[in-house]
Amino acid sequence: MDKEIRKTIIDAAFHAGHGHIPSALSIVEILLAIDKVKQEEDIFVLSKGHGCLGYYAYLVQKGELTINDVRNFGKKGSKLGGHPDRNKIKNVYASTGSLGHGFPISVGSALAKKIKGEKGKVICLIGDGESNEGSIWESFMVASKNKLDNLVCVIDNNNSQIRSLPSNGLGEKLLCFDWNVWNVDGHNVDMLVRAISEKDEDGKPVVVIANTVKGKGVSEIENDMFAWHHRAPNEEEYEKFIKEIDEK
């Protein structure tokens, strides 16, 4: 399914004429792992809302959206925006895009589940650049203080910030914040499933540092991710990228 999701990401960006392709491509295996783990009572929050094209493409494979839906994302009248909108898509728990907001919502949701004695966990996907936001670290402190062992934070560690403020040493920092830390290959679904499924015996929340490649699956984008930050492929690039994904 990973190839089909990646091809849908490229296809949607080509037809819509825009999209954050590199960020969408880096989270494909993370989304597939969450799909394997997530139960009906669980909540998923895509805090890095600019990666929504990856989530839209995943929902196409799940039969929740059509290919025409994603080909028109961001266009007038479309229910799919450049960031996910919970008022337009039933599979979106929180409207996100302004970085640093989705994770605090997730912490509040996990705390509410604890207070009300509800089953299920909250799984939140944030970006490594997003982890520079102060609200993220405040949320890490609140979660550990309240022993939210029903909360999982997955960090898409794709080196988004290497040109400005790199997010180095995330694992060491989060150990100091009293979290159960996993550091894994973010493109290995089995490793991700094991980490996301972890239940800490000491009541600690779980953070999974998923080390990924921005633009994963398309060599030209992998090697020049900043040039592709928010641009769509032309017809020649579209055909080349689809062929490369198919042949891998």
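For the structure given in this document, a descriptive report is provided here. (Residues numbered from 1 in each chain as written. Predicted model: local features only at pLDDT ≥ 70, side-chain atom pairs only at ≥ 80, totals over all residues. Heavy atoms only, no water.)

Quick look at the layout of surface pockets
One number sums up the size of the largest pocket: a volume of about 320 Å³. Around the largest pocket sit 17 residues that line it, and K38, F44, Y55, L59 and N91 are the ones nearest its centre. Of all elements in the fold, only α3 (28–37), β1 (43–46) and α4 (52–61) reach the threshold of two or more residues within the lining of the largest pocket. Its residues assigned to classes, the lining of the largest pocket comprises nine nonpolar, one polar and seven charged. Space inside the second largest pocket adds up to approximately 200 Å³. Around the second largest pocket, the lining comprises 15 residues; the ones closest to its centre are H50, S160, Q161, K214 and H229. In terms of residue class, the lining of the second largest pocket is made up of two nonpolar, eight polar and five charged. (1 Å grid on protein atoms, 1.4 Å probe; cavity = no way out; pocket = protein on both sides within 12 Å on 5 of 7 lines; lining within 4 Å. Points joined across faces, edges and corners; volume = space filled by probe spheres on them. Helix = DSSP H or I, 4+ residues; strand = E, 2+ residues; numbered from the N terminus. Nonpolar A, V, L, I, M, F, W, Y, C, P; charged D, E, K, R; others polar.)

Things to note about the pattern of salt bridges
Going through the model one piece at a time under the given rule, you end up with 14 salt bridges. Measuring nitrogen to oxygen at the nearest pair gives 3.3 Å for the salt bridge that ties K7 to E4. Placement of the pair is K7 and E4 together in helix α1 (residues 2–16), with a separation of three residues, close to one helical turn. Judged by relative accessible area, which is 36%, E4 ranks as partly exposed. Put simply, E220 and K240 hold a salt bridge, and the shortest N to O gap is 2.8 Å. Of the two residues, E220 sits in helix α10 (residues 219–223) while K240 sits in helix α11 (residues 235–247), which places them 20 residues apart along the sequence. Salt bridges here are not isolated pairs; linked through shared partners, they connect E4, K7 and D246. (Salt bridge = Lys/Arg side-chain N within 4 Å of Asp/Glu carboxyl O. Buried < 20%, exposed > 50% of the residue type's maximum accessible area, 1.4 Å probe, protein only.)

A few points about α3
The element α3 is largely enclosed, with a buried count of eight among its 10 residues. Every buried residue belonging to α3 is among V28, E29, I30, L31, L32, A33, I34 and V37, and all of these are buried.

Brief notes about the pairing of strand β3 (residues 151–157)
Burial of β3 is extensive: seven of the seven residues sit out of reach of the surface. The alternating pattern of β3 places L151, C153, I155 and N157 and V152, V154 and D156 on opposite faces, both of which are buried. Two strands pair when backbone bridges link them, and strand β2 (residues 122–127) and β3 are joined in this way by six bridges, in the parallel orientation. What sits directly across from C124, in β3, is C153. Handedness of the crossover joining β2 and β3 through helix α7 (residues 134–145): right-handed. Two elements, β3 and strand β5 (residues 206–211), share six bridges in a ladder whose sense is parallel. Counted as the bridge partner of I155 is I209 from β5. (Pairing = 2+ DSSP bridges. Right-handed = clockwise from strand over helix to strand, strands pointing away.)

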